[in-house]
Amino acid sequence: GSSSFAELLSPTEEDQNEPGRLCRTQLLWICGPPLAGACLGLALPVSSSDDPPPFSRISSVLGWSYFAAWSVSFYPQVVQNFSRRSVVGLSLDYQILNFLGFLCYFSFNGALYWSSYIQSEYKDAHHGQSSAVRLNDVWFAGHAMVLTAVTLLQIAVYYDYPPLKGSERMLRKQSSASFPVWLSGGLLAAIVAFQESFMTWLTYLGTLAQVKVFISVVKYMPQVWMNCRRQSTDGWAIENVLLDFMGGALSVGQLVLDGFSTSDWSAVTGDPAKFLLGNCSMVFDVIFMAQHYCLYPMAHRTRASNSLSLAAEQSATESSDAAS
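The rules behind each value
Residues numbered from 1 in each chain as written. Predicted model: local features only at pLDDT ≥ 70, side-chain atom pairs only at ≥ 80, totals over all residues. Heavy atoms only, no water. Helix = DSSP H or I, 4+ residues; strand = E, 2+ residues; numbered from the N terminus. Buried < 20%, exposed > 50% of the residue type's maximum accessible area, 1.4 Å probe, protein only. Contact = heavy atoms within 4.5 Å. Core = buried A, V, L, I, M, F, W, Y, C linked by side-chain atoms within 4.5 Å. Expected span 1.5 Å × (residues − 1). Bend = angle between axes of the 7 residues up to and from the residue. Phe/Tyr/Trp six-rings, centres within 6.5 Å; stacked < 30°, edge-to-face > 60°. Lys NZ or Arg CZ within 6 Å of the ring centre and 35° of its normal. pLDDT = per-residue confidence, 0-100.

1. Side note on the overall build of the protein
On a plain count of helices and strands, the protein comes out with 15 helices and zero strands. Across the 324 residues in the protein, those meeting the buried criterion constitute 48%. Intrachain contacts of the protein at a sequence separation of at least 6 include 80% that bridge at least 24 residues.

Set out below in structure tokens:
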């Protein structure tokens, strides 16, 4: 059942031995979600927006395509962790920060999309223009938060990291402290206590968006450092990186299209989290691709060769035992 499904979506031994090329499994991961998202964007009714035709339909296609690419980008890592029964090579600090960031992002998008009160505040602050947040933005953030929680649960179950060194132990404490989230909680309490005399709900949500952007800038650094220290990206799913890059490009493209089609660039300034999140993710994805394909490709060949040798030894031992 679930084991065979994980094996189906995991690269074969032949694919693992050629890390410099895209294998058929990676092509399935990378091409499938954006195409499925484009079909959704063409089939579903266009959500209410200020975009004139045909830009409204193009925006819908871009929106659902980025939603599919970014949403599915979480699954290769989950599948890989399950198939390996190990989380070595995956930064726990990155996952903690990722979860907290998406918690902030889901709160921001959900409030702007579902709350008529927040929508009214937004229009008053942006000369009557509606927010650029779409339904796919809300579902993406919520889905990402849940899948990151699943990955954290896998880390708890499969925890097999080597002992932490001094600097790594300090980094773990800092990421777990989650100062930005505690700060956001304090601001929320201040709003409730002072009945918005301290800041409006829209300003509070904007603060959450900025916290998400800040987390996005720093969250990748533990994973980049782990790859550098190990001289390998083994354990870090490259399909996640490729889909993340594609989702970032489509997300920024939708936002720019919305601003261009309405001649209202407040669609970009009014949703800085989405704009900066897409660009920031693409920058770090380029770093990860350079690490995987250019800097440390031999590490994958060595591991694949060792795995094949171990499998051959086990097979020979089993055959010898059966013969005797």
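2. A word on the nonpolar core
Grouped together as the largest cluster of nonpolar side chains are 57 residues, with contacts concentrated most on Phe102, Tyr105, Phe108, Leu112, Phe140, Leu205 and Phe288. When residues of this core are traced back to their parent elements, those giving at least two are helix H4 (55-72), helix H6 (92-114), helix H7 (116-125), helix H8 (135-158), helix H11 (201-230), helix H12 (238-262) and helix H14 (272-295). Not counting the four nearest positions on each side in its chain, Leu205 is found in contact with Ser107, Phe108, Ala111 and Ile118.

3. What about H11?
Its 30 residues place the ends of H11 44 Å apart at the C-alpha level, agreeing with the 44 Å of an ideal helix rising 1.5 Å per residue. Of all the bends in H11, the greatest measures close to 25 degrees and is centred on Ser216. Where H11 terminates, the next one or two residues include Gln231, which has phi positive at roughly 55 degrees.

4. Things to note about the packing of aromatic side chains
Taken as a whole and assessed by the stated rule, the structure comprises 16 aromatic pairs. Geometrically, the ring pair formed by Trp64 and Phe67 is edge-to-face, given 5.2 Å between the ring centres and 85 degrees between the ring planes. Taken together, the positions of Trp64 and Phe67, both in helix H4 and three residues apart, correspond to about one turn of that helix. We classify Phe67 as buried; its relative accessible area is 16%. Taking the centre distance of 6.5 Å and the plane angle of 75 degrees together, the rings of Tyr105 and Phe140 count as edge-to-face. One end of the pair, Tyr105, is in helix H6; the other, Phe140, is in helix H8, with 35 residues separating them in the sequence. A relative accessible area of 0% places Tyr105 in the buried class. Feature note: the residues Tyr66, Trp70, Phe74, Phe102, Tyr105 and Phe140 constitute an aromatic cluster, connected by ring pairs. Sitting above the plane of the Phe102 ring, Lys212 keeps its charged end 3.8 Å from the centroid.

5. What about the confidence of the model for the protein?
On average, residues of the protein score 79 in pLDDT, and 73% of them reach the 70 mark or higher. Throughout residues 304-312 the model reports pLDDT below 50, and contacts reaching past four residues in sequence, or to other chains, amount to four contacts.

6. A short note on unusual backbone geometry
Most peptide bonds take the trans configuration, and most residues that are not glycine carry a negative phi. A cis amide bond links Pro53 with the next residue in sequence, Pro54, at an omega value of -5 degrees. As for its placement among the helices and strands, Pro54 is situated in the loop between helix H3 (24-43) and H4. Phi is positive for Arg85, close to 55 degrees, though the residue is something other than glycine. With respect to the helices, strands and loops of the structure, Arg85 is situated in the loop between helix H5 (75-84) and H6.

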